[in-house]
Amino acid sequence: MALVPPLSEEAMDADLCAHVQFFKGPLGVIPNSVRTMAHRAPIARAFTDLNVAVMTDYGSGVTPEFKRLIGYVSSFASGCLYCQAHMILASERFNASEARLNDVFDFEASAAFTDAEKAALAFAQAATRVPNAVTPEVGARLKAHWDEGQIVEIMGVVALFGYLNRWNDSMGSALEDLPLSKGEARLAEATGWSVGKHR
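Residues numbered from 1 in each chain as written. Predicted model: local features only at pLDDT ≥ 70, side-chain atom pairs only at ≥ 80, totals over all residues. Heavy atoms only, no water.

Moving on, we get to the packing of aromatic side chains. All chains considered together, the criterion is met by 6 aromatic pairs. Their ring planes at 70° and their centres at 5.0 Å tell us that phenylalanine 22 and phenylalanine 23 sit as a pair that is edge-to-face. We classify phenylalanine 22 as partly exposed; its relative accessible area is 27%. A relative accessible area of 3% places phenylalanine 23 in the buried class. (Phe/Tyr/Trp six-rings, centres within 6.5 Å; stacked < 30°, edge-to-face > 60°. Buried < 20%, exposed > 50% of the residue type's maximum accessible area, 1.4 Å probe, protein only.)

This is the structure in structure tokens:
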């Protein structure tokens, strides 16, 4: 049961409701997390703007598909079941291959990821851990493949999901039907994923 119930679109301020329609593109729904933030419209608006800025395709090679996979790895490392389901859905919607969708939770052993991508995903995993596990070696591996702007984009995704993982785990955000179905179909058998408290 969610700590705070999400607002319906009808209960939101009209301008905010229009603003958060952005999420229907990548996810097919306005997430309950954002609809809960809408109890304080400036928070929901600022979060939406941050999400747009972080997930934008800057043409740098950190693609929208790869950003969603980074979000998944970060959420997997934090244990946030809500965000894992959202990011496996979003990765699929951004045309991740079956091999990448099936292997992302074990990316180091997968031929579906390049050395550069593995370095970024290992960084995301280390940056998510508490205490932080980004060592000089993890940083050097990342810098061997990505430039400063690309690293800022990668870290932006990790930090965005740090916020979301804390929000959704603490608030007990209920999973919407579409991401719930993707979590069950793609993650339950492979990783032991379950909806848990996010029902």
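The next point concerns the environment of isoleucine 151. If you trace the backbone, isoleucine 151 turns up in helix α10 (residues 148–171). Taking C-alpha positions, isoleucine 151 is 9.8 Å from phenylalanine 123, a pair spaced 28 residues apart along the chain. Beyond its immediate chain neighbours, meaning those up to four positions away, isoleucine 151 contacts Leu142, Lys143 and Trp146. (Helix = DSSP H or I, 4+ residues; strand = E, 2+ residues; numbered from the N terminus. Contact = heavy atoms within 4.5 Å.)

Below, the discussion takes up the environment of leucine 3. In this structure, leucine 3 sits in the segment before α1 (14–19). Separated by 169 residues in sequence, leucine 3 and glycine 172 place their C-alpha atoms 6.1 Å apart.

Relative to the helices and strands, arginine 186 is located in helix α11 (residues 177–186). Setting aside residues no more than four positions away along its own chain, arginine 186 makes contact with Ile88, Glu92, Glu98, Leu101 and Asn102.

Turning to the pattern of salt bridges, a few remarks are in order. All told, the structure shown has 8 salt bridges when counted by the stated rule. The shortest N-O distance in the salt bridge between arginine 100 and glutamate 117 comes to 2.9 Å. Of this pair, arginine 100 sits in helix α7 (residues 98–103) while glutamate 117 sits in helix α8 (residues 115–128), placing them 17 residues apart in sequence. A relative accessible area of 15% means that glutamate 117 is categorised as buried. (Salt bridge = Lys/Arg side-chain N within 4 Å of Asp/Glu carboxyl O.)

The subject of this paragraph is the nonpolar core. Of all hydrophobic cores here, the largest spans 60 residues; its most connected members are Phe66, Ile70, Trp146, Ile154 and Phe161. Contacts of isoleucine 70, omitting those with residues within four sequence positions, involve Leu121, Ala124, Ile154, Val157 and Val158. (Core = buried A, V, L, I, M, F, W, Y, C linked by side-chain atoms within 4.5 Å.)

Glancing now at unusual backbone geometry. With an omega dihedral of 0°, the bond running from valine 130 to proline 131 counts as a cis peptide bond. Relative to the helices and strands, proline 131 resides in the loop between α8 and α9 (136–143). With a phi angle near 70°, asparagine 95 is a residue other than glycine that sits in the positive phi range. The class of asparagine 95 is exposed, set by a relative accessible area of 67%.

Let us now look at helix α4 (residues 41–55). Counting along an α-helix, one turn takes 3.6 residues, and residues three or four places apart therefore face a common direction. An ideal rise of 1.5 Å per residue puts 21 Å on 15 residues; α4 measures up with 21 Å between its terminal C-alpha atoms. Taken residue by residue, α4 has Ala44, Phe47, Thr48, Asn51, Val54 and Met55 as its buried positions. Around the axis of α4, the buried residues are gathered within 135° of arc, so they sit on the same side. Looking at the buried residues of α4, the elements they touch are α1, α3 (32–37), α5 (64–78) and α10. (Expected span 1.5 Å × (residues − 1). Arc of directions from axis to C-beta.)

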